[in-house]
Amino acid sequence: MKLLHIVRRYGPVGGMERYVWETTHELAKLGHEVQVLCEYCSAEKPEGIKVHELGRMFYRPRWLYYWRFGRRVSKWLRQHPQSGWIIHSHERVGVHDVTTFHGPPFASVREKPWWKKISLRVAMQLYMERRELCVAKCIVPNSSIIARLLALYYPEYAEKLTRPVVPGVLPGAVRAPRKVPEDGGVIGFVGKEWKRKGLQKAVEIVARLRRTRPNLEFHVVGPDPSEVRHLFSGWQGGYRLAGLSSHVEYAGFDVLLHPAIAEPYGMVISEAMAACVPVVISDACGAADEVTTEAGLVLPLSSSIETWADAVEKQLKRDLPVPRYEHGWDRVAQEYERIYGEVDR
């Protein structure tokens, strides 16, 4: 098949971007002819994939940036007709056959007070989102949470929804089986957007656990230490602020704690499970469907700090190892092959 993917930044620089980067690589390995149309490529251009760069643009205001990117995409396609190609977009454009939703629909703004909805920004975001769904022959959510929200806010397009195609995970170092000391252990938190991912709640949970586990350590990866150090003002050691890192040593954690307030998927969850690390996460995470009882626990976001602490304590005391989570990017590409086959038919 001939496949053209549309994404603003092409490269492994974020959750959505890695999704596109890895999927296009695997599709090329399967023998498909793959092109990528992007604003710019943030990594060395891969062999076997033709990358077309449109050039960088001003990012603010965001809605105008999205609109201008869509206009550039349409213009490029008019100048370079792609007859016989399946166009797969990951952006708010209106020239595609397949679109993948990597985050919650903007239409959730409908739940807000009326004075927060009266603006050009809101009108344009809603217009671009509806156009994206209207044009697509297939709409691919990257989690069941996104699927439910799309069906809720756009029931007229629900029949276009496919089964979720969740992100893949790369194999890495695996946590060695070990017994966690009764007075210690290492809890990990990973996420740059620390407010949305629930770091403040995680700090409270670990602080409670440290009452009975005085040598328990809390390792925080992602946020700028200067932004979050105030959360540990009452602590006397016991934490490490690692800052942003391109590589996370999940195998060094005894539990991954992720009480996110809103998380369309949560790659860190599947990456931890791939490293055989148990997870304790909120039900607001798209990856919750991937968490089996053997891999950890999923709690309602509204659960008390005591309930969260008890759940983490249970994982620290576990005797059975976590089965390795396996969901390679090759499987993601194969799932898309089936979707493209439906479009092509």
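Structure: see above.
About the thresholds
- Residues numbered from 1 in each chain as written.
- Predicted model: local features only at pLDDT ≥ 70, side-chain atom pairs only at ≥ 80, totals over all residues.
- Heavy atoms only, no water.
- Core = buried A, V, L, I, M, F, W, Y, C linked by side-chain atoms within 4.5 Å.
- Buried < 20%, exposed > 50% of the residue type's maximum accessible area, 1.4 Å probe, protein only.
- Helix = DSSP H or I, 4+ residues; strand = E, 2+ residues; numbered from the N terminus.
- Contact = heavy atoms within 4.5 Å.
- Salt bridge = Lys/Arg side-chain N within 4 Å of Asp/Glu carboxyl O.
- Pairing = 2+ DSSP bridges.
- Axes fitted to C-alpha atoms, helices over the stretch in contact; angles between N-to-C directions.
- Disulfide = S-S within 2.5 Å.

(A) View of the nonpolar core. By size, the foremost hydrophobic cluster in this structure holds 55 residues, and its most contacted members are Y10, Y250, F253, L256 and I269. When residues of this core are traced back to their parent elements, those giving at least two are α1 (15–29), β3 (33–38), β5 (49–53), β8 (138–141), β9 (186–190), α7 (267–274), β13 (279–282) and α9 (329–344). Broken down by element, the residue count for this core peaks at seven residues, all from α9. Look past the residues within four positions of L256 in its chain and what remains in contact with it is G188, V190, Y250, V268, I269, A272, V277, P278, V279 and V280. One finds L199, L216, V255 and L257 within the second-largest nonpolar core, a separate group that totals 28 residues.

(B) The arrangement of the pattern of salt bridges in detail. If you walk through the whole model with that rule in mind, you get 17 salt bridges. For E17, the salt bridge identified is with R9, shortest N-O distance 2.9 Å. One salt-bridge network, held together by shared partners, links E193, R196, K197 and E263.

(C) Examining the sheet that holds β3 more closely. Overall, parallel pairing links the six strands, which are arranged β5-β3-β1-β6-β7-β8 in an open sheet. Because the sheet does not close on itself, it has two edges, and the strands there are β5 and β8. Geometrically, the sheet is characterised by an average inter-axis angle of 20° between neighbouring strands, direction not taken into account. Here strand β6 (residues 86–89) runs beside strand β7 (residues 98–101); their pairing, made up of two bridges, is parallel. When the bridges of β7 are listed, S89 appears paired with T99. The strands that α9 touches are β1 (2–6), β6, β7 and β8; relative to β6, the one it contacts most, it runs at about 130°.

(D) Quick look at the state of the cysteines. Summed over the entire model, instances satisfying the criterion amount to zero disulfides. C285 forms no disulfide, and the closest cysteine sulfur to it belongs to C276, at a distance of 20 Å.

(E) Spotlight on the sheet that holds β13. Here six strands make up an open sheet; going across it, the order is β11-β10-β9-β12-β13-β14 and the pairing parallel. Each having just a single partner strand, β11 (239–243) and β14 (296–299) make up the two edges of the open sheet. Averaged over neighbouring strand pairs, the angle between their axes works out to 20° when direction is ignored. Examined bridge by bridge, strand β12 (residues 255–258) and β13 share three bridges and lie parallel to one another. Note that in β13 the partner of H258 across the bridge is I281.

Purely spatial values, then, with no claim about function.
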